[in-house]
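The chain contents come next:
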Amino acid sequence: MRDNENVSTEQSTEPAAVSLPPRRLAILVGVALLALALDITTKSLVVANLEGKDPVTVLPGVLYFDVSRNSGAAFSMATGMTWILSLLALAIVVGLVWAAPRLRSIGWSIGLGLVLAGAFGNLIDRIFRAPGPLRGHVVDFISVFHPWGAGFAIFNVADSCITVGAVVIVLMGLLGKDYDGGVARRAKLAAEQLTTEQHATDTPDSAS
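Below is a summary of the structure that appears in this document. (Residues numbered from 1 in each chain as written. Predicted model: local features only at pLDDT ≥ 70, side-chain atom pairs only at ≥ 80, totals over all residues. Heavy atoms only, no water.)

Considering unusual backbone geometry
Generally, phi is negative for residues other than glycine and the peptide bonds are trans, each holding for most cases.
Here's step 1: For the bond from Ala130 to Pro131, the omega torsion is 15°, close enough to zero to count as cis.
Here's step 2: Take Pro131: it is sitting in the loop between helix H4 (106-128) and strand S3 (138-144).
Here's step 3: In the Ramachandran plot, Phe145 falls in the positive-phi region, its phi being about 75° despite a non-glycine side chain.
Here's step 4: The partly exposed category is assigned to Phe145, whose relative accessible area is 49%.
Here's step 5: With phi around 60°, Trp148 is a residue other than glycine that occupies positive phi space.
Here's step 6: Inspection of the secondary structure puts Trp148 in the loop between S3 and helix H5 (157-174). (Helix = DSSP H or I, 4+ residues; strand = E, 2+ residues; numbered from the N terminus. Buried < 20%, exposed > 50% of the residue type's maximum accessible area, 1.4 Å probe, protein only.)

What about the sheet that holds strand S1 (residues 56-59)?
Here's step 1: Read across the open sheet, the 3 strands follow the order S1-S2-S3; overall the sheet is antiparallel. Of all the strands in the sheet, just S1 and S3 have a single pairing partner and so form its edges. Averaged over all pairs of adjacent strands, the angle between their axes in this sheet comes to 40°, without regard to strand direction.
Here's step 2: Here 6 bridges tie strand S2 (residues 63-70) to S3, and the two strands are oriented antiparallel to one another. Residue pairing across strands places Phe65 opposite Ile142, the latter belonging to S3. (Pairing = 2+ DSSP bridges. Axes fitted to C-alpha atoms, helices over the stretch in contact; angles between N-to-C directions.)

Section: the pairing of S1
Here's step 1: Pairing analysis gives 3 bridges linking S1 to S2, with the strands arranged antiparallel. Following the sheet pairing, Thr57 is matched in S2 by Tyr64.
Here's step 2: If you look at the hairpin formed by S1 and S2, you'll find 3 residues sitting between the two strands, and Gly61 has a positive phi there, around 80°.

Digging into the packing of helix H2 (residues 25-49) against H4
Geometry of a packed helix pair, given as the angle between the helix axes and the separation of the axes.
Here's step 1: Put simply, H2 and H4 touch, their axes get as near as 8 Å, and they point 35° apart. Seen from above, H2 lies across H4 with right-handed handedness.
Here's step 2: Looking at side-chain class alone, the contact of H2 with H4 contains 15 nonpolar, 4 polar and 3 charged residues. (Left-handed = near helix turned anticlockwise from the far one by under 90°. Nonpolar A, V, L, I, M, F, W, Y, C, P; charged D, E, K, R; others polar.)

As for the packing of H4 against H5
Here's step 1: At a closest axis distance of 7 Å, the pairing of H4 and H5 adopts a crossing angle of 155°. As summarised for this structure, H4 and H5 are arranged roughly antiparallel, according to the angle between their axes. Helix-helix and strand crossings are classified by hand; for H4 and H5 the assignment is left-handed. Contacts from Gly107, Trp108, Gly111, Leu112, Leu114, Val115, Gly118, Ala119 and Asn122 in H4 reach Ala158, Asp159, Cys161, Ile162, Val164, Gly165, Ala166, Val168, Ile169 and Met172 in H5.
Here's step 2: Looking at the contact of H4 with H5 residue by residue, the class counts come to 13 nonpolar, 5 polar and 1 charged. (Parallel < 35°, antiparallel > 145°, perpendicular 65-115°, else oblique. Contact = heavy atoms within 4.5 Å.)

Structure follows, in structure tokens:
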């Protein structure tokens, strides 16, 4: 009888199976598609209507539209390394697609969706725009504070998505939240373990 009671007590102290949060692939795909559509649409509009013209003042002293072609990375960095940046962007896209099915965090899904859209948006330019595949120049058109990029490097919607997405991902990391819902799982596991240990401590020994 005592052996059965010991077995029962040991089993009760084992943490129960922890249910994982639902997968968030739909959120990542939705965010990525919306952001990518916005990037492609805005680039097409400004190229068709503003390229070769003087900057357009949207909000004086704050926002201007000024179309330029960028052979570098976001915010005109690494100019002249177009093919390397193209391969890097392709690697980022493949990596994010590979990790997407494991996502269980809403915050991570939004952040990675934005980064995926930004990387893919600029990659499309590098593949399909002049002067050729993997060497194409990215269309930039957003100039802040001053026209002609005098106050800050001219950028586009894809660059903004990458920046905002990176900030969201860093924030998730600072909050200790894993992309696969690990924080929620570990917190629940720890709480259940503490509860079972307290229960085992409070239960009087039948032998006494």
